[in-house]
Amino acid sequence: QVQQVESGGGLVHAGGSLRFSCAASGSIFIINAIGWYRQAPVKLRELVALITKSGSTNYADSVKGRFSISRENGWNTVYLQMNSLKAEDTAVYYCAVDRPGVRYWGQGTQVTVSS
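Remember, predicted model here, so these are calculated numbers, not experimental data.

Regarding the packing of aromatic side chains
Aromatic ring pairs are reported here in terms of the distance separating the ring centres and the angle at which the planes meet. Tallied over the entire structure, the rule returns four aromatic pairs. Ring pairing ties together the aromatic residues Phe20, Trp36 and Tyr93, which thus form one cluster. One Lys or Arg, arginine 45, reaches over the ring of tyrosine 94 and ends 3.8 Å from the middle of that ring. The side chain of arginine 45 reaches across the aromatic face of tryptophan 105, ending 4.5 Å from its centre.

Below you can see the structure in the form of C-alpha cells.
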C-alpha cells in the first residue's frame, strides 16, 4: 500500500510560477514511477510530467521547457516546478503513484492561471 499527500497549487497570474510536492509513504520501495496529471473542465485527464525509478523523465509537449519534475530522498518527495504559467494550464492537478498493476491517485489540487 502506498499513500501520497499533495501540496501546492493555487491562483497565479500568467507568467508566474507554482510548485507542487507529492510526499509518498508506505511501501515506497515498490514504486515504479510518480507522475503529475491534470484535467481541465470538459477535457480528458492528461499526463503532465513523469519520473521513473531510474530517474528518467517524460513531459507533455505543452509543458516542455516550462515545467520540471524532480525527486528528493528517493521517493519521499516528488516536486513539479511550473514556470511561465499560461491560462491553458488551468486545471485540477493530480499526483499519481505507479506500482506494478496499480496506480494511486492523489486528491487533486486546483491551479488557476489568470490572464
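There is more to say after this.
Comments concerning the pairing of strand β1 (residues 2–7)
Of the two faces of β1, the one holding Val2, Gln4 and Glu6 is buried and the one holding Gln3, Val5 and Ser7 is not buried anywhere. Relative to strand β3 (residues 18–26), β1 runs antiparallel, the two being bridged by six bridges. The residue bridging glutamine 3 from the neighbouring strand is serine 25, located in β3.

Details of the side chain of threonine 109
Tracing the sequence through the fold places threonine 109 in strand β11 (residues 109–114). In this structure threonine 109 comes out as buried when scored by relative accessible area, which is 15%. At a separation of 3.2 Å, a polar atom in the side chain of threonine 109 contacts the side chain of glutamate 6. Excluding residues within four positions of it along the chain, threonine 109 makes contact with Glu6, Gly8, Gly9, Phe20, Ala91, Val92 and Tyr93.

Brief notes about the pairing of β11
For a regular strand, the rule is simple: side chains alternate between the two faces of the sheet. Only one face of β11 is buried, namely the one carrying Thr109, Val111 and Val113, since none of Gln110, Thr112 and Ser114 on the opposite face is buried. Bridge count for strand β2 (residues 10–13) against β11 is four bridges, and the pairing is parallel. Of the residues in β11, the one forming a bridge with glycine 10 is valine 111. Here strand β9 (residues 91–99) pairs with β11 via three bridges, running antiparallel. Bridge pairing links valine 92 to glutamine 110 in β11.

Structural notes on the state of the cysteines
Following the criterion strictly, the structure yields one disulfide and no others. Across the disulfide, cysteine 22 is cross-linked to cysteine 95 (sulfur-sulfur distance 2.0 Å). Disulfide cysteine 22-cysteine 95: torsion about the S-S bond near -75°, hence left-handed. Highlighted residues: cysteine 22 in strand β3 and cysteine 95 in strand β9, separated in sequence by 73 residues. Using a relative accessible area of 0% as the deciding quantity, one classes cysteine 22 as buried.

Rules and cut-offs
- Within every chain, residues take consecutive numbers counted from 1 along the sequence as written.
- Where local features are concerned, this predicted model is filtered to residues with pLDDT of at least 70; where side-chain atom pairs are given and counted, the filter is 80 or more; whole-chain, interface and lining totals use all residues.
- The side-chain quantities take in all heavy atoms of the structure and omit both hydrogens and water.
- The criterion for an aromatic pair is that two Phe, Tyr or Trp rings (for Trp, the six-membered ring) have centres within 6.5 Å, with stacked assigned to planes under 30 degrees apart, edge-to-face to planes over 60 apart and tilted to the rest.
- A ring is scored as having a charge over it whenever the NZ atom of a lysine or the CZ atom of an arginine sits within 6 Å of its centre and within 35 degrees of its normal.
- Buried, partly exposed and exposed residues are distinguished by accessible area as a fraction of the type maximum, computed with a 1.4 Å probe on protein chains only: under 20%, between the cut-offs, and over 50%, respectively.
- What counts as a helix is a DSSP run of H or I of at least four residues, what counts as a strand is a run of E of at least two, and both are numbered from the N terminus.
- The pairing criterion for strands is at least two bridges between them, as found by DSSP.
- Contacts described as polar in this section are N or O atom pairs within 3.5 Å, which, within protein, must combine one atom able to donate a hydrogen with one able to accept it, while residues neighboring in sequence count only if both atoms come from side chains.
- The contact criterion used throughout is that any non-hydrogen atoms of two residues lie within 4.5 Å.
- A pair of sulfur atoms, both from cysteines and within 2.5 Å, is called a disulfide here.

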